[in-house]
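What follows is the residue order along each chain.
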Amino acid sequence: MKKPKIDIGPLWAAYEKDERELQQFRTRRTDLIKAFVGENYSDNGSKEERPLNSISQYLRSLAGYLFGSEPRMMCSTFDSRIRSLVSVFEQSGNRRLRRMRFKDLLERATIDACFSLGCIRTAITAPPEARFGGYRKQAGEVSMDVISPDSLVYDTRAKTSFFECGYISHRYWVLYDDVKESGMFDKKARDKVEPTDEYQFNKSGDERASSISHKFGGRDDDYEERVELIEAYLPRLNKVVTFDANGDHDVALLEQDWIGPPCGPYTFLGMMPVPDNLQPKAPLMDLKRLDYDYNALWKKLQNQAFETKDVVAFLDAEDGNKFKAAPQGGWVQSSSPDSIKPIRIGGINQELFVQTLQNGKMFNEHAGNMAVWAGLASQAGTAHQEQMMQENSTVLIRSMSLKVLAFAQELMHNLGWFDWHHPHDNMEAEFHPPGLPEFSTKRVVRPIDRLGVPYEELDLRIDPYSMVYETPQSRVAGLRRMMREVIMPALPLFNQPGVGEMLQTYVRMEAKYTNNPDFIELLEKLVNIQGPPSDQPTGGSAPQTASAPGDHVYEHVSRPGMTDQGEQQVMSQLMLGSRPGGAGVEQLNGNGKY
């Protein structure tokens, strides 16, 4: 019996209502993006001059902190029977992540979450979609797309979780010819499709964020005619419906069963949940006003500085001309030198200057002490104090980092579902036998090997890692620690049966977990080295070993000058006319005198 088609009339009515409900969030997001890009990005950027763009500095620092390196997936299991399978699954998944440029997708979605809400769609690519994906997409293969909050519309009746939504949808563009010639779309609906202009504003009247860098023209200006479609996921029915965003909405273009993980195609990232509201709160919402006030105060200071004038007043014109024409260090004969007086007109308001410094400090604190975790300035006098401040200031950023890691973990798990159920692809991985690094073989997991094993029943854990960039200096420090704490104390045991294999496995695990392949190269050089005898010669001394990992090492480092915070305090007191004392002044001017 043929199943009845979904009536998209009520769905479209709900879509229009929810699009109007979400307008307030889209408008605030667009305003935040304009503040971020500033006045020099485009003609439709910020209308206000922003000489100190703290929002831009915050996002640049945050992106460098969270996405310094390419994310990778690490798979583990307690089931010893499938460990080799899990190893193949991991290597195959990491190759796919690199092909899909997963780091770029994750970074864009996280930046979206800083403004409003991050969303990535994971699904099998339809032929019309593949034309817009370039080298990253192939029809019939799984792909990931960042869904802009400008294009996202969902059931706003849901209060606490997106799993409560009756539908979740997004707009996307395809080529007009692809729709007209595709046999996958309903013929009656396909015949009604017409080319679509790209508009600066949504139907509810709010400006689209893409208009910041794009001036819209008619479709006659397009190289190829395009159509805007809407794809809606209906969780209760496990259906995906596609229809024309600008049609009459009486017949759907395509109605199909959802093929993918049970959670659906959309994965969301929100930085701060709001009680009884589905839309999360973004960190930049609290920083926008502080950034605006900081720039307004700074511009006022600049205007006062530019309007300041230094002039010289005199009574006798002859004396005035003598002093004016005199060279530097010259001698001038004058009958009334006391009548020659320099006068300053205008100047920077002292209280305004102090308020500007205080506003910058407030922004820094609300941004999680950004000057410390972003490495912009020293805030303490010793290395130990600086380390303590670094640990305390990164609590806020660490909470955001954990949310991004959980987001990446869910995306990797969903991607693994498609890899596991792929009807044609073989999973392949290179395998080196223990103790024989020069030999390798290829492990293959075929679709028939995965048949009958449900993905959800695998005792499998997927963890993202290697997202934080490691400098060569930090890698050298890791190698020194490995030599000092593991290899040198246990060197005589590396070639002993049983114990040696365990130690080699440990080094390989640490190399994997820390994403440092240099450990493997070091291990391969050490495998064939015979360690020194365990018995000490008569009269000899026991070998010196490094301190245990739990030992404490205290280090005091004196730093010249004063901290950024102390310097601001001294400058504020100077502007207010007071004389600050203490060692800080001596460090600032050398002698503590004025």
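Analysis parameters
- Residues numbered from 1 in each chain as written.
- Predicted model: local features only at pLDDT ≥ 70, side-chain atom pairs only at ≥ 80, totals over all residues.
- Heavy atoms only, no water.
- Axes fitted to C-alpha atoms, helices over the stretch in contact; angles between N-to-C directions.
- Helix = DSSP H or I, 4+ residues; strand = E, 2+ residues; numbered from the N terminus.
- Parallel < 35°, antiparallel > 145°, perpendicular 65-115°, else oblique.
- Contact = heavy atoms within 4.5 Å.
- Nonpolar A, V, L, I, M, F, W, Y, C, P; charged D, E, K, R; others polar.
- Buried < 20%, exposed > 50% of the residue type's maximum accessible area, 1.4 Å probe, protein only.
- Pairing = 2+ DSSP bridges.
- Phe/Tyr/Trp six-rings, centres within 6.5 Å; stacked < 30°, edge-to-face > 60°.
- Salt bridge = Lys/Arg side-chain N within 4 Å of Asp/Glu carboxyl O.
- Core = buried A, V, L, I, M, F, W, Y, C linked by side-chain atoms within 4.5 Å.
- Polar contact = N/O pair within 3.5 Å; in protein donor to acceptor, adjacent residues only side chain to side chain.
- Patch = residues over 30% accessible without salt bridge, like charges linked within 9 Å, V, L, I, M, F, W, Y side chains within 5 Å.
- Areas by Shrake-Rupley, 256 points an atom, 1.4 Å probe, with all protein chains shown as cover.
- Lys, Arg positive; Asp, Glu negative; His and termini not counted.
- Charge placed at Lys NZ, Arg CZ, Asp CG, Glu CD.
- Expected span 1.5 Å × (residues − 1).
- Left-handed = near helix turned anticlockwise from the far one by under 90°.

Undergrad: Explain the packing of helix α1 (residues 8-21) against helix α2 (residues 23-37) to me, and be specific about the residues and the numbers.
TA: It is at 4 Å that the axes of α1 and α2 come closest, and there the two elements cross at 45 degrees. In terms of orientation, α1 and α2 fall into the oblique class. From α1, Glu-19, Arg-20 and Glu-21 reach across to α2, where they touch Gln-23, Gln-24, Phe-25 and Arg-26. Taken together, the residues that form the contact of α1 with α2 break down as 1 nonpolar, 2 polar and 4 charged.

Undergrad: Kindly report on the pairing of strand β6 (residues 226-234), identifying the contributing residues and their values.
TA: Every other side chain in a regular strand lies on the same face of the sheet, so the side chains alternate between the two faces. Among the 9 residues in β6, 9 count as buried, and that is most of the element. Residue alternation in β6 divides its side chains into two sets, Arg-226, Glu-228, Ile-230, Ala-232 and Leu-234 and Val-227, Leu-229, Glu-231 and Tyr-233, and both sets are buried. Sheet topology places strand β5 (residues 168-175) next to β6; 8 bridges connect them, and they run antiparallel. Following the sheet pairing, Trp-173 is matched in β6 by Glu-228.

Undergrad: Please give an account of the packing of aromatic side chains that cites residues and values.
TA: Counted by the stated rule, this structure contains 11 aromatic pairs. A centroid spacing of 6.3 Å and a plane angle of 65 degrees characterise the contact between Phe-89 and Trp-420, whose relative ring orientation is edge-to-face. Taken as a pair, Phe-89 in helix α4 (residues 83-99) and Trp-420 in helix α13 (residues 383-420) lie far apart in primary sequence, 331 residues in all. Considered together, Phe-89 and Trp-420 belong to a single accessibility category, that of buried residues. Aromatic pair Trp-258 and Phe-418: ring centres 6.4 Å apart, planes at 80 degrees, arrangement edge-to-face. With Trp-258 in the loop between β8 (254-257) and β9 (266-269) and Phe-418 in helix α13, this residue pair connects regions lying 160 residues apart in the sequence.

Undergrad: Outline the pattern of salt bridges, listing residues and values.
TA: For the structure on display, the rule yields 28 salt bridges. Lys-192 is the partner of Asp-248 in a salt bridge, and the nearest nitrogen-oxygen pair spans 3.2 Å. Of this pair, Asp-248 sits in the loop between β7 (239-244) and β8 while Lys-192 is found in the loop between α8 (187-191) and β6, placing the two residues 56 residues apart along the sequence. Residue Lys-192 is classed as partly exposed on the basis of its relative accessible area, which comes to 38%. Between Lys-322 and Glu-318 there is a salt bridge, with the nearest N and O atoms lying 3.8 Å from each other. With a gap of 4 residues between them, Lys-322 and Glu-318 both fall in helix α10 (residues 317-325), about one helical turn apart. Overall, the relative accessible area of 33% leaves Lys-322 in the partly exposed class. Overlapping salt bridges bring together Glu-19, Arg-171, Arg-208 and Glu-228 as one network.

Undergrad: Describe in detail the nonpolar core, supporting the description with residues and values.
TA: Across soluble globular proteins, nonpolar side chains show a tendency to be buried alongside one another. If you look at the biggest cluster of nonpolar residues, it comprises 86 residues, and the most contacted ones within it are Tyr-58, Phe-89 and Leu-284. Those residues in contact with Leu-284, other than ones at most four positions away along the chain, are Leu-32, Ile-55, Tyr-58, Leu-59, Cys-114 and Phe-115. In this structure, Tyr-172, Phe-185, Ala-189 and Leu-254 belong to the second largest nonpolar core, which totals 11 residues.

Undergrad: How would you sum up the environment of Pro-275? Please name residues and give values.
TA: Here Pro-275 is to be found in the loop between β10 (272-274) and β11 (277-281). Here Pro-275 falls in the exposed class, since its relative accessible area comes to 67%. Distance in space between the C-alpha atoms of Pro-275 and Lys-159 is 8.3 Å, their sequence separation being 116 residues.

Undergrad: Quick one: what's the story with the environment of Asp-449, residue by residue and with numbers?
TA: Relative to the assigned elements, Asp-449 resides in helix α14 (residues 447-450). A distance of 2.9 Å separates a polar side-chain atom of Asp-449 from the backbone nitrogen of Arg-446.

Undergrad: Please set out the sheet that holds β9 residue by residue, giving values where relevant.
TA: Strands sit in the order β3-β2-β9 across an open sheet of 3 strands; the sheet is antiparallel. Strand pairing shows two members of the sheet lacking a second neighbour, β3 (142-146) and β9, which therefore form its edges. Taking the axes of each pair of neighbouring strands and ignoring which way they run, one obtains an average angle of 20 degrees across the sheet. Both strand β2 (residues 118-124) and β9 contribute to a ladder of 4 bridges, which runs antiparallel.

Undergrad: Break down a nonpolar patch on the surface for me, citing the residues and quoting the values.
TA: Side chains of Val-311, Ile-343 and Ile-345 sit close together on the surface and give an oily, nonpolar patch of about 230 Å² of accessible area. For Val-311, the location among the structural elements is in strand β12 (residues 309-313).

Undergrad: Give a description of a negative patch on the surface that names residues and reports values.
TA: On the surface, a cluster of negative charge is contributed by Asp-177, Glu-181, Glu-224 and Glu-225. Structurally, the position occupied by Glu-181 is in helix α7 (residues 176-181). Residue Glu-181 is classed as exposed on the basis of its relative accessible area, which comes to 65%.

Undergrad: Please set out the sheet that holds β8 residue by residue, giving values where relevant.
TA: Strand order in this open sheet of 5 strands is β4-β5-β6-β7-β8, and the pairing throughout is antiparallel. At either end of the open sheet lies a strand with only one pairing partner, and these are β4 (152-154) and β8. Pairwise comparison of adjacent strand axes, ignoring direction, gives a mean angle of 25 degrees for this sheet. Pairing between β7 and β8: 4 bridges, direction antiparallel.

Undergrad: Report on unusual backbone geometry, specifying residues and quantitative values.
TA: Backbone geometry places Arg-101, a non-glycine residue, at a positive phi of 55 degrees. Relative to the elements of secondary structure, Arg-101 occurs in the loop between α4 and α5 (102-115). Overall, Arg-101 belongs to the partly exposed group, its relative accessible area being 41%.

Undergrad: Describe α5, listing the residues and the values that go with them.
TA: Compared with the 20 Å implied by 1.5 Å per residue over 14 residues, the 20 Å span of α5 between its first and last C-alpha is a close match. Counting buried positions along α5 yields 10 of 14 residues, so the element is predominantly enclosed. Buried within α5 are the following residues: Phe-102, Lys-103, Leu-105, Leu-106, Ala-109, Thr-110, Asp-112, Ala-113, Cys-114 and Phe-115.

Undergrad: Can you explain the packing of helix α9 (residues 284-307) against helix α11 (residues 350-366)? Please cite residues and give values.
TA: Running from amino to carboxyl end, α9 crosses α11 at an angle of 155 degrees, the nearest separation of the two axes being 9 Å. When the axes of α9 and α11 are compared, the pair comes out roughly antiparallel. At the point where α9 passes α11, the crossing takes the left-handed sense. Only Leu-352, Phe-353, Gln-355, Thr-356, Asn-359, Gly-360, Met-362, Phe-363 and His-366 of α11 make contact with α9, whose side of the interface consists of Leu-287, Leu-290, Asp-291, Asp-293, Tyr-294, Leu-297, Trp-298, Lys-300, Leu-301 and Gln-304. Looking at the contact of α9 with α11, its residues break down into 10 nonpolar, 6 polar and 3 charged.

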